[in-house]
Amino acid sequence: MKRIYLFLAMAGMLQTGFGQSKDKDINIPDLDNYKTLKCDFHIHTVFSDGLVWPTVRVDEAYSEGLDAIALTEHIEYRPHKDDIKADHNRSYEIIKQYAKDRDVILIKGSEITRSMAPGHHNAIFITDSNPLDTTDFKDAFNAAKSQKAFIFWNHPGWDAQQPEKTLWWDEHTYLYENGCMHGIEVANGKYYFPEAQQWCLDKKLTMIGTSDIHQPIQTDIDFNKGEHRTMTLVFAKERNAESIREALENRRTAVFVGDKIIGEEMWLKDLFDNAVKIENIEKKDKSVRITIYNDSDLRFYLKKIKHDPGITYFRDYEIKPNCRHTINVKLDSGIISGKIDFEVSNMLAKPGKGLDYQFRF
Ligand SMILES: [Zn+2]
Ligand SMILES: [Zn+2]
């Protein structure tokens, strides 16, 4: 009898999620002065058009080692509403304690879901979702603004709403000029929107990347193949909601989508600096061997750019995750110091432009 009780107790532990592992966690280094937090601010459950119960989203986030999530149910689109009768705050309330118990930071949000323009926008860091349920889109944004929301434009290049071209409309100018747009999704799911990256650079908006997951996560992401959900890397002073907010307001983010990392140049450089360290430089008469170590789960693709013609090295080079690499460099006679210049082509500082970087010897 005792044994049965013990078994039931253990089964209960597993059911409530304790004893889960962070087996899908990705090691991404901190920056010199900031912690790197892995965040997903665009997630659905059955409380809008998603297909899972809210607690599942916390379990998924936990096993992927995410630091923070926001459930962003559509205000205007709730296909399960005849079966699930609840107000717009309910999915957040269900997981508030559940997320806290698992040390996943939960940020309250909602998706304002309108036709183009202005399209879909997430309001996060709100306190009450219900006042966002309005007829006129401007009233919904103003309700979010009055709650001091951080608002970003979702999937601007979604072909259901912008089939030909990713365009900026007058409605977006209105939102931007009235303090109702603070960021844009540069990536949503597997899709990257270069126009959105350029708008963020030009208008000083925060770059956001999200999963916009509707299915159970493993339906869309093949973790066995090393895939990961699209996420925002937030460079925060501390690991808490307040610091995430401060970092978002100051545009300290990068977007991790597929094997690309997209962001402002200074953060990409800081991230590469902290992932790839030079361990040793061995000089000989007409050659140099540079030993580097990539102490992260990130993969980097290097491409040679304009360089000293007396220094010969790779054209293309792949730095694999968690690996030591030796780069061989040939020197013309007389050269005793210099640098190898390259672009990290999967770190996009601008649309179509990788991060310029160099190793000096
Ligand atoms: Zn949407
Ligand atoms: Zn969505």
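The written sequence of each chain sets the order in which its residues are numbered from 1. Ligands are numbered from 1 and chains lettered from A, in the order in which they are written. With pLDDT at 70 or above as the cut-off, local features in this predicted model cover only qualifying residues; side-chain atom pairs require 80 or more to be listed or tallied, and sums for whole chains, interfaces and linings still use all residues. Side-chain figures throughout are based on the complete set of non-hydrogen atoms in the structure, without hydrogens or water.

### Regarding the coordination of the zinc ion (ligand 2)
Alright, step 1. The coordination sphere of the zinc ion (ligand 2), as far as protein atoms go, consists of His 42 (NE2), His 44 (NE2), Glu 111 (OE) and Asp 212 (OD), spread over 2.1 to 2.4 Å.
Alright, step 2. For the zinc ion (ligand 2), the 4 donor atoms in the first shell make angles of 78 to 163° at the metal, so the coordination geometry reads as irregular.
Alright, step 3. Because water is not among the atoms used, a metal site may look incomplete, as its donors are only the N, O and S atoms within 2.8 Å, or 3.2 Å for Na, K and Ca. For the zinc ion (ligand 2), the donor residues sit on a single chain with the sequence spacing H-x1-H-x66-E-x100-D.
Alright, step 4. Taken as a pair, the zinc ion (ligand 2) and the zinc ion (ligand 1) lie 3.4 Å from each other and share Glu 111 as a ligand. With Glu 111 in strand β3 (residues 105-113) and Asp 212 in the loop between β8 (206-210) and α7 (217-220), the pair connects residues that are 101 residues apart, well separated along the chain.
Alright, step 5. Burial classes: relative accessible area under 20% of the type maximum marks a residue as buried, over 50% as exposed, and values in between as partly exposed (1.4 Å probe, protein chains only). Using a relative accessible area of 13% as the deciding quantity, one classes Asp 212 as buried. Here a site with four donors is tetrahedral if all angles are between 85 and 135 degrees, and a site with four or six donors is square planar or octahedral if opposite donors are over 155 degrees apart and the other angles are between 65 and 115; anything else gets the irregular label. Put simply, DSSP marks the helices as runs of H or I at least four residues long and the strands as runs of E at least two long, and each gets a number from the N terminus on.

### Side note on the coordination of the zinc ion (ligand 1)
Note on metal sites: the ideal angle is 109.5 degrees for four tetrahedral donors, and 90 or 180 degrees for six octahedral donors.
Alright, step 1. Looking at the zinc ion (ligand 1), the protein donor atoms are Glu 111 (OE), His 120 (ND1) and His 155 (NE2), and they sit 2.1 to 2.2 Å from it.
Alright, step 2. Mapping the donors of the zinc ion (ligand 1) onto the primary sequence gives the spacing E-x8-H-x34-H.
Alright, step 3. Owing to a relative accessible area of 1%, Glu 111 belongs among the buried residues under this scheme.
Alright, step 4. Classification of His 120 as buried rests on a relative accessible area of 8%.

### Focus: the environment of Asp 25
Alright, step 1. Following the sequence through the fold, Asp 25 ends up in the loop between α1 (2-15) and β1 (35-43).
Alright, step 2. On the basis of relative accessible area, Asp 25 is assigned to the partly exposed category, the value being 35%.
Alright, step 3. Non-local contacts of Asp 25, meaning those with residues more than four positions away in its chain, are made with Lys 38, Ser 63, Glu 64, Gly 65 and Asp 297.
Alright, step 4. Here a polar contact is recorded for every N or O atom pair within 3.5 Å, except that within protein the pair must consist of a potential hydrogen donor and a potential acceptor, and residues adjacent in sequence are included only if both atoms are side-chain atoms. Among the polar contacts listed, one links the side chain of Asp 25 to the side chain of Lys 38, at a separation of 2.9 Å. The contact criterion used is simple: two residues touch if any of their non-hydrogen atoms lie within 4.5 Å.

### Side note on the domain arrangement of the protein chain
Alright, step 1. The split into domains, and so the bounds of each, comes from an automatic or database assignment of domains. According to the domain assignment, the protein chain contains domain 1 (19-263) and domain 2 (277-360).
Alright, step 2. Here domain 1 and domain 2 have C-alpha centroids that lie 36 Å from each other.
Alright, step 3. Counting residues at the interface gives 16 residues for domain 1, matched by 11 residues for domain 2.
Alright, step 4. The quantity reported as buried area is the accessible area (1.4 Å probe) lost by two parts once they are put together, taken as the sum for both. A buried area of about 1,100 Å², summed over both sides, lies between domain 1 and domain 2, and 58% of it is on carbon and sulfur atoms.
Alright, step 5. It is Asn 27, Asp 259 and Ile 261 that lose the most area in domain 1 upon contact with domain 2, and together they represent 46% of the buried surface on that side.
Alright, step 6. Put simply, a salt bridge is a Lys or Arg side-chain nitrogen that is within 4 Å of an Asp or Glu carboxyl oxygen. The interface formed by domain 1 and domain 2 holds 0 salt bridges in total.
Alright, step 7. Between the two partners, domain 1 and domain 2, sit 7 residue pairs in polar contact (both at pLDDT 80 or more).
Alright, step 8. When residues of the side of domain 1 that touches domain 2 are traced back to their parent elements, those giving at least two are α6 (194-203) and β11 (260-263).

### Considering the packing of helix α4 (residues 137-146) against helix α5 (residues 170-177)
Alright, step 1. For every element, the axis is a line fit to its C-alpha atoms; helices are fit only across the contacting stretch, and the angle between N-to-C directions ranges from 0 to 180 degrees. Taken N-terminus to C-terminus, the directions of α4 and α5 make an angle of 25°; their axes are 12 Å apart at the nearest point. Here α4 is positioned roughly parallel relative to α5, judged by the angle of their axes. Note that α4 runs across α5; the crossing there is right-handed. Of the residues in α5, those in contact with Phe 137, Lys 138, Phe 141 and Asn 142 of α4 are Glu 171, Tyr 174 and Leu 175.
Alright, step 2. Ten residues, namely Ala, Val, Leu, Ile, Met, Phe, Trp, Tyr, Cys and Pro, are considered nonpolar, four, namely Asp, Glu, Lys and Arg, are considered charged, and the remaining ones, Gly among them, are considered polar. In the contact of α4 with α5, the residues fall into 4 nonpolar, 1 polar and 2 charged. Oblique is the label for every angle not falling under 35 degrees (roughly parallel), over 145 degrees (roughly antiparallel), or within 65 to 115 degrees (roughly perpendicular). Take the far helix as the reference: if the near one is turned anticlockwise from it by less than a right angle, the crossing is left-handed, and if turned clockwise, right-handed.

### Considerations on unusual backbone geometry
Alright, step 1. Geometrically, the link from Met 116 to Ala 117 is a cis peptide bond, its omega value of -5° lying close to zero.
Alright, step 2. Secondary-structure assignment places Ala 117 in the loop between β3 and β4 (120-124).
Alright, step 3. Look at the link from Ala 117 to Pro 118: it is a cis peptide, with omega at 10°.
Alright, step 4. Within the secondary structure layout, Pro 118 lies in the loop between β3 and β4.

### Brief notes about the packing of helix α2 (residues 54-63) against helix α3 (residues 90-101)
Alright, step 1. Interhelical geometry of α2 versus α3 gives an angle of 40° and a closest axis separation of 8 Å. Between α2 and α3, the angle falls in the class oblique. Once α2 is placed against α3, the crossing between them reads as right-handed. Along its contact with α2, which presents Pro 54, Thr 55, Val 58 and Asp 59, the element α3 presents Ser 91, Ile 94, Ile 95, Tyr 98 and Ala 99.
Alright, step 2. Its residues placed into classes, the contact of α2 with α3 shows 6 nonpolar, 2 polar and 1 charged.

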